[in-house]
Amino acid sequence: MARYRHTNLGYLKEISNGHQEFIDDMIRVFSSSAPRMVAEMEVFFREKNWAGIKMVAHKLKPGIAFMGISELKQDILDIEESAARQQNLDQLPELISRLRVIILLSIEELKT
Amino acid sequence: MSRSRINGPFSFRLKRATLKKDPVIFLVDDDPLYLRALELAVSSQVGGAKIHSYQTAASCLNHMHLKPDVVVLDYFLDAVHPDAKNGIDVLREIRRSSPRTKVIMLSAQDSLNVAIDCMENGAYDYISKSQSSFIRVNNLLTNILGDMGDSNAFFRVIQLILLIVLLVIIASALINQ
């Protein structure tokens, strides 16, 4: 069984030439900022603030790419697109919930 | 031209001999993760640079007295907090208060309209955030700081020539006395 199920640090290792201090620092920043951004997105959803959801999704994209969370790449685009166009809004609760769970699982995985 | 390699994250082969010495570089992005990556990428590329990172437009503009040579600025600075200044507002203020500062705009949205908006408002260049964006930022920094370094070197040569001419004139005058 592979050590990493949700994350892949290959890109981060590649751009940093395997600089471990940098990788640890990026993981630390992601672990502290991503859950806060998802919580912000959930508040925006309750307030029906679609522009807010779009913008938070937009800001989450680089973090998801850096941490190689490939299973969220399409989800985050769908959230951003849905909120931007205000279409398929009924899919947002499930997408945001999945986003929260996978980000938390990814952070747990990155701690190991 | 002599080239050297800086070891560490984001290391590339680069022209160090002609880069402006001790440049001041501002990095502005409200995404802490991207900002951290940018800091490390730029510090690896430009040895001796004074790098200042800001997460808000206000903190960047409050430090313009440091006279940055280059500002790398996020287009969507008001992404999460719409009452904050956006990147274009900041770009305009920088161009007004410090016309010599070069501004590189960044955006996660690869849009022609965004690019046009940036260039029309005086950006040096526009880069969409992608897997190659750090390399592109560093290439642009090398070009900008290289031009500034070349320009400084050119003025030093002119100063030296003028000094030699002056010394020749003084020496001639003394001989003729």
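Attention here is on the structure that accompanies the text. (Residues numbered from 1 in each chain as written. Chains lettered and ligands numbered in written order. Predicted model: local features only at pLDDT ≥ 70, side-chain atom pairs only at ≥ 80, totals over all residues. Heavy atoms only, no water.)

## Brief notes about the sheet that holds strand β6 (residues 102-107) of chain B
All names here are of chain B.
Link 1 in the chain: Taken in spatial order, the five strands make up an open sheet running β4-β3-β5-β6-β7, and their pairing is parallel. On the outer flanks of this sheet lie β4 (50-54) and β7 (125-128), each paired with one strand and no other. Between one strand and the next, the sheet's axes are offset by a mean angle of 15°, whatever the strand orientation.
Link 2 in the chain: With five bridges connecting them, strand β3 (residues 24-28) and β4 associate as parallel partners. (Pairing = 2+ DSSP bridges. Helix = DSSP H or I, 4+ residues; strand = E, 2+ residues; numbered from the N terminus. Axes fitted to C-alpha atoms, helices over the stretch in contact; angles between N-to-C directions.)

## With respect to the pairing of β7 of chain B
Residues in a regular strand point their side chains to alternate faces of the sheet.
Residue and element names in this part refer to chain B.
Link 1 in the chain: Pairing geometry for β6 and β7, over four bridges, is parallel. Looking at the pairing, Met 105 lines up with Tyr 126 of β7.
Link 2 in the chain: Each parallel crossover has a hand, and for β6 linked through helix α4 (residues 112-120) to β7 it is right-handed. (Right-handed = clockwise from strand over helix to strand, strands pointing away.)

## Regarding helix α5 (residues 92-111) of chain A
Residues and elements named next belong to chain A.
Link 1 in the chain: Spanning 20 residues, α5 covers 28 Å between terminal C-alpha atoms, matching the ideal 28 Å at 1.5 Å per step.
Link 2 in the chain: For α5, the full list of buried residues reads Leu 92, Leu 95, Ile 96, Leu 99, Ile 102, Ile 103, Ser 106, Ile 107, Glu 109 and Leu 110. Down the axis of α5, the smallest arc covering the buried residues is 155°, so these residues share one side. Facing away from the buried side of α5, by more than 90 degrees, are the exposed residues Glu 94 and Lys 111.
Link 3 in the chain: In this fold, the buried residues of α5 make contact with α2 (20-46), α3 (50-66) and α4 (73-85). (Expected span 1.5 Å × (residues − 1). Buried < 20%, exposed > 50% of the residue type's maximum accessible area, 1.4 Å probe, protein only. Arc of directions from axis to C-beta. Contact = heavy atoms within 4.5 Å.)

## Thoughts on the packing of α3 of chain A against α5 of chain A
Residue and element names in this part refer to chain A.
Link 1 in the chain: Two numbers describe how α3 lies on α5: the axes approach to 13 Å, and their chain directions differ by 35°. In this structure, α3 meets α5 at a crossing whose hand is left-handed. Where α3 abuts α5, its residues Trp 50, Ile 53, Leu 60 and Ile 64 lie against Leu 92, Leu 99 and Ile 103.
Link 2 in the chain: Per-class residue counts for the contact of α3 with α5 are seven nonpolar, no polar and no charged. (Left-handed = near helix turned anticlockwise from the far one by under 90°. Nonpolar A, V, L, I, M, F, W, Y, C, P; charged D, E, K, R; others polar.)

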